[in-house]
Amino acid sequence: MLAAFNLIDEIIKEHTKAQCEKIVHWVGASQLRFDQLFNLFLQNQGKITQRSAWPVSYCIEAHPELIQKHFPALLKNLQHTNLHDAVKRNSIRLLQYTDIPKKYQGRVMDICFQYLASPAEAVAVKVFSLYVLIKLSRLYPEILPEIKLMVEEQLPHQTAAFKSAAKKVLTKK
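Described below are features of the structure shown in this document. Fair warning: this is a prediction, and the values are worked out from it, not measured in the lab.

1. Some details on the environment of Ile 12
Now for step 1: Following the sequence through the fold, Ile 12 ends up in helix H1 (residues 7-13).
Now for step 2: Residue classification places Ile 12 among the partly exposed residues on the basis of a relative accessible area of 40%.
Now for step 3: Distance in space between the C-alpha atoms of Ile 12 and Ser 52 is 9.0 Å, their sequence separation being 40 residues.
Now for step 4: When near neighbours in sequence (up to four residues on either side) are disregarded, Ile 12 contacts Ile 48 and Arg 51.

Set out below in C-alpha cells:
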C-alpha cells in the first residue's frame, strides 16, 4: 500500500528537479490531483505558489488537457502585477504545450506581447512569451511582423537564450 501523499508537505520539502518529478508523477493524468496542485498555485502564498509553479507546467507538458478547465483562472492570475517570476515563467511555459481555446487566444497574445515588450521582464518570461507567440502566429500570421519588430529592437541587448529563440522568429516568413 502506498504511503499518504501530502501535497503541501511535498511542495515545501525541497525545490529540486527530483521533487518536481515526484509531484508530477503523483499527479499523473488525474484531473482531481492536478486541480489540487493548481489551486495551491493560485493561492499566492509565497513559497507554496512559487514551488508549485514548476510541477504545474511539467504536468501540462505531460498531460496538456489538464489545464483546459483552468484557462480563465490562469489568465486572471497572469493579470496580477506582483507575480513572482516563477509563476509568470511557468504559466507562459505551459501554454506552449496545450491547445489554447480560441476564446482565450487574444488575451494570451496580449499578455505575451506585454511581457515581451517590458524592459523589466525576466528573460525567461520573454523567451517563453516568444515561443507562445510563435505558436499563435501559425493561426494568426498577421502578428509575425509585430513579433519580428519587437525582437529586432531587443536583440542587441539580450541574452543567448533570447537570441536563440529570436532566430526562430526572424527566419519565419
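2. Concerning helix H6 (residues 85-95)
Now for step 1: In terms of burial, H6 is a largely internal element, nine of the 11 residues being buried.
Now for step 2: On the buried face of H6, the contacting elements are helix H3 (31-42), helix H4 (47-62), helix H5 (71-78), helix H7 (102-117) and helix H8 (123-137).

3. Observations regarding the side chain of Arg 51
Now for step 1: Along the polypeptide, Arg 51 turns up in helix H4.
Now for step 2: Although buried, Arg 51 forms no salt bridge, and the nearest oppositely charged side chain, Glu 14, lies 7.9 Å from it.
Now for step 3: Discounting residues that sit within four places of it in the chain, Arg 51 has contacts with Ile 11, Ile 12, Lys 13, Glu 14 and His 15.

4. Describing the nonpolar core
Now for step 1: Residues Phe 34, Ile 92, Leu 95, Leu 130 and Ile 147 are the most contacted members of the largest nonpolar core, which totals 55 residues.
Now for step 2: In this structure, Phe 34 is in contact with Val 27, Val 56, Cys 59, Ile 60, Leu 66, Ile 67 and His 70, ignoring residues within four places of it in sequence.

5. Some words on the packing of aromatic side chains
Now for step 1: Under the criterion given, the structure shown has five aromatic pairs.
Now for step 2: Look at Phe 5 and Trp 26: their rings are 4.5 Å apart centre to centre, the planes differ by 10 degrees, and that puts the pair in the stacked class. Here the residue Phe 5 occupies a position in the segment before H1, and Trp 26 occupies one in helix H2 (residues 17-27), the gap between them amounting to 21 residues.
Now for step 3: Phe 5 gets classed as partly exposed once you look at its relative accessible area, which sits at 22%.
Now for step 4: Accessibility expressed as a relative area gives 14% for Trp 26, which makes it buried.
Now for step 5: Measuring from ring centre to ring centre gives 5.9 Å for Trp 54 and Tyr 58, while their planes differ by 90 degrees; the resulting arrangement is edge-to-face. Taken together, the residues span about one helical turn, with Trp 54 and Tyr 58 both in helix H4 at a distance of four residues.
Now for step 6: In this structure an aromatic cluster arises from ring pairing among Phe 34, Phe 38 and Phe 41.

6. Looking at the pattern of salt bridges
Working definition: two side chains of opposite charge can pair if their charged atoms are close together.
Now for step 1: For the structure on display, the rule yields six salt bridges.
Now for step 2: A salt bridge links Lys 88 to Asp 85; the nearest nitrogen and oxygen atoms lie 3.7 Å apart. One end of the pair, Lys 88, and the other, Asp 85, are both in helix H6, three residues apart, so they sit about a helical turn from each other.
Now for step 3: Taking relative accessible area as the criterion, Lys 88 reaches 11% and is therefore assigned buried.
Now for step 4: Note that Lys 88 and Glu 121 form a salt bridge whose closest N and O atoms lie 2.8 Å from each other. Here Lys 88 is found in helix H6, whereas its partner Glu 121 is found in the loop between H7 and H8, with 33 residues between them in sequence.

How each quantity is defined
- Residues numbered from 1 in each chain as written.
- Predicted model: local features only at pLDDT ≥ 70, side-chain atom pairs only at ≥ 80, totals over all residues.
- Heavy atoms only, no water.
- Helix = DSSP H or I, 4+ residues; strand = E, 2+ residues; numbered from the N terminus.
- Buried < 20%, exposed > 50% of the residue type's maximum accessible area, 1.4 Å probe, protein only.
- Contact = heavy atoms within 4.5 Å.
- Lys, Arg positive; Asp, Glu negative; His and termini not counted.
- Salt bridge = Lys/Arg side-chain N within 4 Å of Asp/Glu carboxyl O.
- Core = buried A, V, L, I, M, F, W, Y, C linked by side-chain atoms within 4.5 Å.
- Phe/Tyr/Trp six-rings, centres within 6.5 Å; stacked < 30°, edge-to-face > 60°.

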